[in-house]
Amino acid sequence: RAHLARILDVDADVHAFLHVNERAEQIAAEIDRRRASGETMHALAGVPLAIKDVLVTTDMPSTSGSRILEGYMSPFDATVVSRARAAGMVPLGKTNMDEFAMGSSTEHSAYGPTRNPWDLDRIPGGSGGGSAAAVAAFEAPLALGSDTGGSIRQPAHVTGTVGMKPTYGGVSRYGAIALASSLDQVGPVTRTVRDAGLLHDVIGGHDPHDSTSLRHDWPSFAEAALEGARGDVLKGLRLGVIRELPDSGFQAGVAASFHGALDALAAHGAEIVEISAPHFEYGVAAYYLILPAEASSNLAKFDSVRFGMRVTPHAGATVEEVMAATREAGFGPEVKRRIILGTYALSAGYYDAYYGSAQKVRTLIQRDFDAAFGQVDVIATPSAPTTAFRLGERIDDPLQMYLNDVTTIPANLAGVPGISIPTGLAEEDGLPVGIQFLAPVREDARLYRVGAALE
Ligand code: GLN
């Protein structure tokens with residue numbers, strides 16, 4: 001009830017939610033009854049959960065922020081949603097996002113932008129700005145996001161929340177509307193590292209419905225966070241800082257907060273080691289070829305026949321005319337831009353020059369990580385170059401929007417886990433800043449230990 005009341009109070013301004021679950025209170029009451037009757041319940045039973053609209057749900061519409069899926073009802077729940085329901089969590093609603101998760105500001109949502117609760121004139125990050133804003137504004141205690149190039153970690157950075165992108169394959173994407181299948185991961189957005197661990201424990205693990213899902217015996221991430229909070233996990237930890245990411249690329253307050261966090265980690269026994277990752281900075285260029293290529297293929301299924309909207313331009317229109325009219329009306333400008341880029345990059349004669357080269361850069365970035373993790377346990381970077389920018393500031397400049405992803409993208413290209421943790425406020429604008437930690441694949445628990453220690 002407190003969260004529903006809070007949504008009523010602030011969501012007209014924040015616009016974190018696209019849909020609020022009208023049955024939330026009823027579901028919570030049912031959980032209370034089960035608990036009162038003596039049933040042993042999960043630690044998160046009864047806890048409300050905000051769900052990014054990229055994740056399909058049977059009881060609420062799933063639009064992925066697009067007009068083309070307006071009102072779409074899925075016949076099944078995403079695996080992460082069914083696991084949350086099985087733990088007794090209460091789906092509170094669906095959160096706003098950039099259309100098909102393309103963007104860093106939530107301004108590309110077909111349903112209007114979400115605003116940053118810290119300053120309503122600023123963006124809450126993207127694409128999962130709705131989930132991060134809901135948690136930051138106390139409209140929800142926990143949220144689910146998806147991260148293809150930073151859409152969990154960058155919104156966490158600009159809203160002062162914790163955002164975790166698990167190892168690729170660590171959490172099921174079954175029922176996550178695909179953006180770029182070789183990069184997409186689902187993960188938690190929360191207020192504390194331990195909360196993220198608790199939620200990750202619920203949603204993670206192998207899923208036979210997702211062919212990329214890892215078979216791995218994952219440790220408890222909530223336990224890892226507890227260990228980090230009470231133990232000496234920082235003693236002797238080798239923490240890598242990337243030489244090729246100079247401070248000059250970052251807003252002064254972001255760089256200052258990052259160095260403050262490094263000093264605190266060093267004071268508790270971490271050894272700061274300079275490492276080289278020479279291809280890290282080419283991540284953005286490679287990503288913005290690989291992502292549009294995969295997205296153009298994934299979005300081909302919105303053909304006016306199988307899902308969502310259908311526009312018939314005139315009586316007797318052919319299938320092609322209906323398809324073209326539907327996609328013209330249903331997709332927003334950023335989605336069209338990427339479909340055109342991706343189709344071009346994949347076309348005969350250009351494939352090797354664009355997609356092929358980007359894949360080679362991706363391999364070089366993976367090798368950079370392999371070499372770096374031979375020397376250090378965890379890598380640290382600022383989570384993004386700047387604090388929350390103003391609404392409208394970058395909307396007409398796609399390149400500026402894309403460059404915002406420079407520190408988050410490499411983790412997706414390499415499949416490694418990454419977490420963003422708040423480190424305070426930037427001095428010049430009083431807005432939240434986050435530090436990002438990266439670990440080798442399958443070492444997600446390490447991020448919870450280090451993150452909780454810093455917290
Ligand atoms: N800013 C990235 C993009 O626009 C975020 C993608 C994501 O993680 N969903 O592609």
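If you're wondering where the values come from, they're calculated on a predicted model, not measured in any experiment. (Residues numbered from 1 in each chain as written. Predicted model: local features only at pLDDT ≥ 70, side-chain atom pairs only at ≥ 80, totals over all residues.)

### Here's the deal with the packing of helix α6 (residues 193–203) against helix α15 (residues 444–454)
Thinking step 1. For the pair α6 and α15, the least separation of the axes is 9 Å and the interaxial angle reads 155°. As far as their axial angle goes, α15 and α6 are roughly antiparallel. Seen from α6, the contacting residues are Val 193, Arg 194 and Gly 197; seen from α15, they are Tyr 448, Gly 451 and Ala 452.
Thinking step 2. Residues belonging to the contact of α6 with α15 are distributed by class as follows: three nonpolar, two polar and one charged. (Axes fitted to C-alpha atoms, helices over the stretch in contact; angles between N-to-C directions. Helix = DSSP H or I, 4+ residues; strand = E, 2+ residues; numbered from the N terminus. Parallel < 35°, antiparallel > 145°, perpendicular 65-115°, else oblique. Contact = placed C-beta atoms within 7 Å. Nonpolar A, V, L, I, M, F, W, Y, C, P; charged D, E, K, R; others polar.)

### Digging into the confidence of the model for the chain
Thinking step 1. Across the chain, the average pLDDT comes to 97, with 100% of residues at 70 or higher.
Thinking step 2. The ipTM, which scores confidence in the relative placement of chains, is 0.97 for this predicted complex, and the corresponding pTM is 0.98. (pLDDT = per-residue confidence, 0-100.)

### Focus on the nonpolar core
Thinking step 1. Leu 49, Leu 55, Val 80, Ala 134, Ala 143, Val 378 and Phe 437 are the most contacted members of the largest nonpolar core, which totals 127 residues.
Thinking step 2. For this core, the leading source of residues is helix α9 (residues 283–298), giving eight residues. (Core = buried A, V, L, I, M, F, W, Y, C linked by C-beta atoms within 7 Å. Buried ≥ 20, exposed ≤ 12 C-beta atoms within 10 Å, placed from the backbone.)

### Examining the site of the ligand
Thinking step 1. The ligand sits among 14 residues. The nearest are Ala 101, Ser 104, Thr 148, Gly 149 and Ser 151.
Thinking step 2. For the shell around the ligand, a count of residues per class yields four nonpolar, eight polar and two charged. (Near = placed C-beta within 6 Å.)

### Description of the environment of Ile 152
Thinking step 1. Tracing the backbone shows Ile 152 in the loop between β4 (142–147) and α5 (153–159).
Thinking step 2. With 11 residues separating them along the chain, Ile 152 and Gly 163 place their C-alpha atoms 5.3 Å apart.
Thinking step 3. Leaving out residues up to four positions away in the same chain, Ile 152 has contacts with Gly 128, Gly 145, Ser 146, Asp 147, Gly 163, Met 164, Lys 165, Gly 187 and Val 189.

### Looking at the pairing of strand β10 (residues 418–425)
Along a regular strand, successive side chains alternate from one face of the sheet to the other.
Thinking step 1. When you tally the buried positions in β10, you get six out of eight residues, the bulk of the element.
Thinking step 2. Bridge analysis of strand β5 (residues 162–165) against β10 gives three bridges, and the strand direction is antiparallel. Following the sheet pairing, Gly 163 is matched in β10 by Ser 420.
Thinking step 3. Alignment of β10 against strand β11 (residues 432–438), held across seven bridges, turns out to be antiparallel. Its bridge partner lying in β11, Ile 419 is registered against Phe 437.
Thinking step 4. Linkage of β10 to β11, two consecutive antiparallel strands, is achieved through a turn of six residues, within which Gly 430 is found at a positive phi near 65°. (Pairing = 2+ DSSP bridges.)

### Here's the deal with the domain arrangement of the chain
Thinking step 1. Segmentation of the chain into domains returns domain 1 (2–228), domain 2 (232–279 + 360–454) and domain 3 (285–353).
Thinking step 2. Secondary-structure elements contributing two or more residues to the side of domain 1 that touches domain 2 are α5, β5, α6 and α7 (221–230).
Thinking step 3. The element best represented in the side of domain 1 that touches domain 2 is α5, accounting for six residues. (Domains from an automatic or database assignment.)

### Remarks on the environment of Ala 426
Thinking step 1. Examined against the element boundaries, Ala 426 turns out to sit in the loop between β10 and β11.
Thinking step 2. With 20 C-beta atoms counted inside 10 Å, the residue Ala 426 sits in the buried group.
Thinking step 3. Among residues more than four places away in sequence, those in contact with Ala 426 are Gln 251, Gly 253, Val 254, Ser 257, Thr 387, Leu 431 and Val 433.

### Remarks on unusual backbone geometry
Thinking step 1. Cis geometry marks the peptide bond from Gly 126 to Ser 127; its omega dihedral reads 5°.
Thinking step 2. Looking at where Ser 127 falls in the secondary structure, it is placed in the loop between β3 (90–95) and α4 (129–136).
Thinking step 3. With phi around 55°, His 15 is a residue other than glycine that occupies positive phi space.
Thinking step 4. Within the secondary structure, His 15 is located in the loop between α1 (2–14) and β1 (17–20).
Thinking step 5. Residue His 15 is classed as buried on the basis of its 22 C-beta neighbours within 10 Å.
Thinking step 6. The backbone of Thr 106 sits at a positive phi, close to 70°, despite the residue not being glycine.

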